[in-house]
Amino acid sequence: MSETSEANVRVVSTGLFTPPHSISNEELVTAFNAYVDLFNTKNAAYIEAGLREPLQKSSAEFIEKASGIKSRYVMDKAGILDVHRMAPRFEPRPDEKLSLLAEMAVHAARDAMRAADLKADDIDGVICAASNMQRGYPAMAVEIQDALGVKGYGFDMNVACASAAFGIETGLGLIRTGARRILMVNPEICTAHLNFRNRDCHFIFGDVATAVILENGSEPARNDSWDILGTRLETRFSNNIRNNFGFMNHCERETEAPADPQTDPFTDKLFVQEGRKVFKEVVPMVSELIASHLVDLIIPPEDVKRFWLHQANLAMNEFIVRKVLGRDATREEAPVILDEYANTSSAGSIIAFHKHSNDFEPGDIGVICGFGAGYSAGSVVVRKAG
Ligand code: COA
């Protein structure tokens, strides 16, 4: 566990890049169910002989009821809804061209820089904190740094859905050791690691990019900024959310991957989870993390105006805040962006903060909290300055 508690680093702005296409549950389910029909027809003889289980259809009602998700933004819609493909299609880009993940991060970064009236020269370093990097190396952050014209340094870090909270803590440390400002970006192309042929999870993720600019408190004061009162991080190993994709995968490949989800050796190279176990184990971990963090900062939970939580499952968020507050939270206290964006991994809590913080008055307190695979969880307590 790691902890900080001095109010000498501030959040000065956030930025958001929302992809151009949206897919509703109904559109997603129509494509999935067409795929099920195709699969079951093609495998009718095996199914009849009891050699293969028929695939079950998905339902938009189930998705909304079980998760709270109504739609998701995606970088490519056609490839995901193409029954013969069911994966986003991305044109390969030559190395000389800005990569897609970096491009999304640059859009979000520019949004945050505009909001704080900052130029590239005002920033000393870039952290790219996300669940999936587009490549092994060079670091995405260095490419993003170059595209923005930022001097100094950049590096990547991955703590899955908790990456933004860990990125804020890391940026805070860099500022305490001398940086003026750190840009922390969270580009997420979650649809590229999602198995759209798996009924249990085909609806979970969307794409997006967010950015946060952190500033040394010794810089001239600003009206529209947030003092960081404290951060707290925690990790506990679990296999219940896992993705085995990695640089050693090509050594495992012996045959061409069949397009059958039940025998496809590539399946575990995509997102897999035990959703029920995640729910049961992560809710207490996160609620205890937030509650103990507030106790140590001597902030009564009822003094927190808003909880900007990671957006994975609506019921999960309701449980977490209920445990912290001892009562149900209103949507104003725990805003939801999951309905429109789905789970966007590290970016979820930052989207919620970005979209639902304009009404804060000086002195108002809020908690940004990310959590997910690892397990990992991070709480960042902020107070509106002024
Ligand atoms: N459409 C229709 N029915 C479906 C379905 C779908 N797409 N997916 C599953 N079902 C069925 C199941 O087959 C099961 O049927 P059964 O009761 O006859 O066996 C039933 O619905 C319940 O399935 P289950 O997987 O137990 O659903 P759930 O209520 O746990 O909800 C999640 C699934 C994934 C939404 C939920 O577990 C969750 O969000 N967990 C937290 C996940 C999380 O935060 N992960 C972090 C990712 S970073």
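Just so it is clear, the structure is predicted and the values come from calculations on it, not from any experiment.

A word on the site of the ligand
Residues in contact with the ligand amount to 17 residues; listed here are only the nearest, Ser58, Arg199, Gln273, Arg276 and Asn313. Within the backbone of Ser59, a nitrogen or oxygen atom sits 3.2 Å from a nitrogen atom of the ligand. Within the backbone of Gly275, an N or O atom sits 3.1 Å from a nitrogen atom of the ligand. Across the complex, the protein chains shield 71% of the 960 Å² of accessible surface that the ligand would expose by itself. Elements with a contribution of two residues or more to the shell around the ligand: helix H3 (60-67) and helix H9 (275-296). For the shell around the ligand, the leading source of residues is H9, giving three residues.

So, the packing of aromatic side chains
Taken as a whole and assessed by the stated rule, the structure comprises eleven aromatic pairs. Between Phe205 and Phe271 the ring centres are 4.8 Å apart and the planes differ by 85°, which places this aromatic pair in the edge-to-face class. One end of the pair, Phe205, is in the loop between strand S7 (181-189) and strand S8 (207-216); the other, Phe271, is in the loop between helix H8 (249-252) and strand S11 (272-273), with 66 residues separating them in the sequence. In terms of burial, Phe205 and Phe271 fall into one category: buried. An angle of 75° between the planes, with centres 4.7 Å apart, marks the rings of Trp308 and Phe353 as edge-to-face. With a gap of 45 residues between them, Trp308 in strand S12 (residues 304-309) and Phe353 in helix H12 (residues 348-355) connect regions that are remote in the sequence. You'll find Trp308 and Phe353 in the same group, each marked buried. An aromatic cluster is present here, built from Trp226, Trp308, Phe353 and Phe360 joined pairwise through their rings.

Looking at the pairing of S8
Burial of S8 is extensive: ten of the ten residues sit out of reach of the surface. Looking at chain direction, strand S2 (residues 9-17) and S8 are connected through eight bridges and run antiparallel. Among the inter-strand pairings, Val11 is bridged to a residue of S8, identified as Leu214. Two strands pair when backbone bridges link them, and S7 and S8 are joined in this way by nine bridges, in the antiparallel orientation. Opposite Leu183, over in S8, you have Ile213 as the bridge partner.

Notes on the packing of helix H1 (residues 25-42) against H3
Axis separation between H1 and H3 bottoms out at 9 Å; the angle between their running directions is 125°. The angle between the axes of H1 and H3 places the two elements in the oblique class. Relative to H3, the crossing made by H1 is right-handed. Within the contact between the two elements, H1 uses Asn25, Glu26 and Val29 and H3 uses Ala60, Ile63 and Glu64. Among the residues forming the contact of H1 with H3, the class breakdown is three nonpolar, one polar and two charged.

A closer look at unusual backbone geometry
Pro138 follows Tyr137 through a cis peptide bond whose omega is 0°. On the secondary structure map, Pro138 appears in the loop between strand S5 (125-129) and helix H6 (140-148). That bond from Gly374 to Tyr375 is cis: its omega, -10°, falls within 30 degrees of zero. When you line up the elements, Tyr375 lands in the loop between strand S13 (365-372) and strand S14 (376-384). A positive phi angle is found at Asp117, which is not glycine, with a value near 55°. Its place among the elements puts Asp117 in the loop between helix H5 (100-115) and S5. When its relative accessible area of 63% is taken as the criterion, Asp117 is described as exposed. A positive phi angle, near 55°, is found at Ser345, a position not held by glycine.

Some details on the nonpolar core
In this structure, Ile290, Leu294, Phe307 and Phe371 are the most contacted members of the largest nonpolar core, which totals 55 residues. Ranked by the residues each element gives to this core, the list is headed by H9, at eight residues. Residues lining this core come from more than one domain, with at least three contributed by each of domain 1 (15-216) and domain 2 (226-384). Filtering out sequence-adjacent residues up to four positions away, Leu294 remains in contact with Ile299, Pro301, Val304, Phe307, Val324, Val367 and Val381. Listed in part, the 37 residues of the second largest apolar core include Ala162, Leu172, Leu214 and Trp308.

Scoring rules and cut-offs
Residues numbered from 1 in each chain as written. Predicted model: local features only at pLDDT ≥ 70, side-chain atom pairs only at ≥ 80, totals over all residues. Heavy atoms only, no water. Near = heavy atom within 4 Å. Polar contact = N/O pair within 3.5 Å; in protein donor to acceptor, adjacent residues only side chain to side chain. Areas by Shrake-Rupley, 256 points an atom, 1.4 Å probe, with all protein chains shown as cover. Helix = DSSP H or I, 4+ residues; strand = E, 2+ residues; numbered from the N terminus. Phe/Tyr/Trp six-rings, centres within 6.5 Å; stacked < 30°, edge-to-face > 60°. Buried < 20%, exposed > 50% of the residue type's maximum accessible area, 1.4 Å probe, protein only. Pairing = 2+ DSSP bridges. Axes fitted to C-alpha atoms, helices over the stretch in contact; angles between N-to-C directions. Parallel < 35°, antiparallel > 145°, perpendicular 65-115°, else oblique. Left-handed = near helix turned anticlockwise from the far one by under 90°. Contact = heavy atoms within 4.5 Å. Nonpolar A, V, L, I, M, F, W, Y, C, P; charged D, E, K, R; others polar. Core = buried A, V, L, I, M, F, W, Y, C linked by side-chain atoms within 4.5 Å. Domains from an automatic or database assignment.

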